[in-house]
Amino acid sequence: MLFLGIESSCDETAAALVCHGRILGHQIHRQDHRAFGGVMPQFAAREHMAFLPHVMDALWAESGCGPQDLDGIGVTAGPGLVGGLLVGILWAKGMACRWNKPLWPVHHLEAHALMARYDCDVLFPYGLLLLSGGHCVMAEVSGVHQYKILGQTYDDAAGECIDKVARALGGPYPGGPFIQQCAENGDPYAITLPIPLHKERSSSFSFSGLKTACIQWIAKNQINGPLSASTKADFCASFQRTIAETLCQRLQYAMIDSGLKHWVISGGVASNTYFRSRLHDLCHNLGGQLIAPKPEHCTDNGAMIAWAAAEYYAAGQKPDLFFPVRAHWPLDQLKPT
Ligand code: KG4
Ligand code: ZN
């Protein structure tokens, strides 16, 4: 069975082919939003429009397949930026009509959540800690389209906080890889930052307070000129440790309260090696297991959308040609058909 996945919900134009649990081809065009200091929706939509045809041509050339060979198509239908989503959806609907192929609207966060089953063969049910640029969710995954939310963020997502702090340090967008690299030679205990929701016994998150504290710390320490390389390294290492501590604390509560032993982390922030190792140690110490897709499968990609379509097909989800685009789409609104 050959499935095509198209992703255009944010700033990556990506497409991939998955066949019997193998990636036959994958193409990605990463947009450059550095000039805006964050993702500019109109620019993103125009870039998707300009680059999706090239991404598709390169995918067919790389794989030696054509649209006639497909057994199904998956396309991100939300949540995300409407302009970009529409570009992918219109392309996918056009192809499904022209070649008479079944089409599934894929939930972007669910695709992140299911990718662990591609890389690591994890069985349902499992716990999910989803850490992307705009979402921070703890959930129980009982099957395709079956989610129980255990906690989510009251305000900013971890990725958003990381991106804003990286920007305050003069770093590029997205900020995660920059922070991780700067932190490599730093002392994680050099600077004390507030651990979000330290006193709240729940699996919810909040990152806006930490974001503000970091931006204020940077402004205060930059009054007499830019931070030295070693101060920047210490700050980034301490910032990463603070985030890791809050993630570990929230996950610990979720593990105890849900009784789930297998925990998947996914989303772009889950590609961070420090977070992966801290969360791995926590799960191990509590008698559980942390399952993390390959780092390149945590950040947005087309293979996770193609794999989600394969999962939808295997679970008996009905294809649909008339679905809407959804900017907001809570995971627990999904219902199996
Ligand atoms: O899942 P994703 O690729 O896109 C969304 O669905 O939002 O996540 C993007 C987020 C950004 O905030 C980015 O800074 C963060 O993932 N990220 C990282 C790393 N790589 C990407 N955060 C921390 N460490 C990384 N190595
Ligand atoms: Zn994502």
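Residues numbered from 1 in each chain as written. Chains lettered and ligands numbered in written order. Predicted model: local features only at pLDDT ≥ 70, side-chain atom pairs only at ≥ 80, totals over all residues. Heavy atoms only, no water.

### Comments concerning the overall build of the protein chain
Part 1 of the reasoning: The secondary structure content of the protein chain amounts to ten helices and ten strands.
Part 2 of the reasoning: Computed over the C-alpha atoms, the radius of gyration of the protein chain is 20 Å, within 12% of the 20 Å expected from 2.2 N^0.38 for a compact globule of 337 residues.
Part 3 of the reasoning: Along the first, second and third principal axes, the C-alpha set of the protein chain runs to 60 × 45 × 30 Å.
Part 4 of the reasoning: Residues classed as buried in the protein chain amount to 53% of the 337 residues present.
Part 5 of the reasoning: A fraction of 74% describes how many contacts in the protein chain between residues 6 or more apart in sequence connect residues 24 or more apart.
Part 6 of the reasoning: Accessible surface, the protein chain as shown: approximately 14,300 Å² in total, 54% of it carbon and sulfur.
Part 7 of the reasoning: Taken as two groups, the 25 positive and 29 negative side-chain charges of the protein chain have centres that lie 4 Å from each other. (Helix = DSSP H or I, 4+ residues; strand = E, 2+ residues; numbered from the N terminus. Rg over C-alpha atoms; globule rule 2.2 N^0.38 Å. Buried < 20%, exposed > 50% of the residue type's maximum accessible area, 1.4 Å probe, protein only. Contact = heavy atoms within 4.5 Å. Areas by Shrake-Rupley, 256 points an atom, 1.4 Å probe, with all protein chains shown as cover. Lys, Arg positive; Asp, Glu negative; His and termini not counted. Charge placed at Lys NZ, Arg CZ, Asp CG, Glu CD.)

### Overview of the pairing of strand β2 (residues 12–19)
For a regular strand, side-chain orientation follows a simple rule: the groups alternate between the two sheet faces.
Part 1 of the reasoning: Counting buried positions along β2 gives eight out of eight residues, so the element sits mostly inside the fold.
Part 2 of the reasoning: Relative to β2, strand β1 (residues 2–7) runs antiparallel, the two sharing six bridges. Considered in β2, the bridge of Phe3 is made with Val18.
Part 3 of the reasoning: Linking two consecutive strands that pair antiparallel, namely β1 and β2, is a turn of four residues.
Part 4 of the reasoning: Pairing geometry for β2 and strand β3 (residues 22–30), over eight bridges, is antiparallel. Note that in β3 the partner of Glu12 across the bridge is Arg30.
Part 5 of the reasoning: Once β2 ends, the chain turns through two residues before running back antiparallel as β3, passing His20 with a positive phi of about 45°. (Pairing = 2+ DSSP bridges.)

### Overview of the sheet that holds strand β8 (residues 146–152)
Part 1 of the reasoning: One open sheet holds the five strands; their spatial order is β8-β7-β6-β9-β10, and the pairing between them is mixed. Among the strands making up the open sheet, the edge pair consists of β8 and β10 (289–291). Within this sheet the neighbouring strands show an average axis-to-axis angle of 25°, counted without direction.
Part 2 of the reasoning: Bridge count for strand β6 (residues 126–131) against strand β9 (residues 262–266) is four bridges, and the pairing is parallel. Counted as the bridge partner of Leu130 is Ser266 from β9.
Part 3 of the reasoning: Here helix α7 (residues 229–258) sits on the sheet in contact with β6, β7 (136–143), β8 and β9, set at roughly 145° to β9. (Axes fitted to C-alpha atoms, helices over the stretch in contact; angles between N-to-C directions.)

### Some thoughts on the coordination of the zinc ion (ligand 2)
Part 1 of the reasoning: Listed as protein donors to the zinc ion (ligand 2) are His108 (NE2), His112 (NE2) and Asp300 (OD); their distances from the metal cover 2.0 to 2.1 Å.
Part 2 of the reasoning: Here the donor residues of the zinc ion (ligand 2) share one chain and are spaced in sequence as H-x3-H-x187-D. On the criterion of sequence distance, the pair formed by His112 in helix α3 (residues 108–120) and Asp300 in the loop between α9 (295–298) and α10 (303–314) is long-range, its members being 188 residues apart.
Part 3 of the reasoning: Judged by its relative accessible area of 0%, His112 is buried. (Donors = N, O, S within 2.8 Å, 3.2 Å for Na, K, Ca; no water.)

### Comments concerning α3
Part 1 of the reasoning: With 13 residues, α3 should reach 18 Å at 1.5 Å per residue; the first-to-last C-alpha distance of 19 Å fits that figure.
Part 2 of the reasoning: Most of α3 sits inside the fold, with eleven of its 13 residues counted as buried.
Part 3 of the reasoning: Listing the buried residues of α3 in full gives His108, Leu109, Glu110, Ala111, His112, Ala113, Leu114, Met115, Ala116, Arg117 and Tyr118.
Part 4 of the reasoning: With its phi angle positive at about 55°, Asp121 sits one or two positions after the end of α3. (Expected span 1.5 Å × (residues − 1).)

### Quick look at the domain arrangement of the protein chain
Part 1 of the reasoning: Domain boundaries assigned for the protein chain yield domain 1 (2–112 + 299–333) and domain 2 (124–296).
Part 2 of the reasoning: Here the C-alpha centroids of domain 1 and domain 2 sit 27 Å apart.
Part 3 of the reasoning: With 19 residues of domain 1 at the contact, the number on the domain 2 side is 19 residues.
Part 4 of the reasoning: A buried area of about 1,600 Å², summed over both sides, lies between domain 1 and domain 2, and 64% of it is on carbon and sulfur atoms.
Part 5 of the reasoning: Looking only at domain 1, the three residues that lose the most surface to domain 2 are His112, Thr299 and Leu331, adding up to 32% of its buried area. (Domains from an automatic or database assignment. Buried area = accessible area lost by both parts, 1.4 Å probe.)

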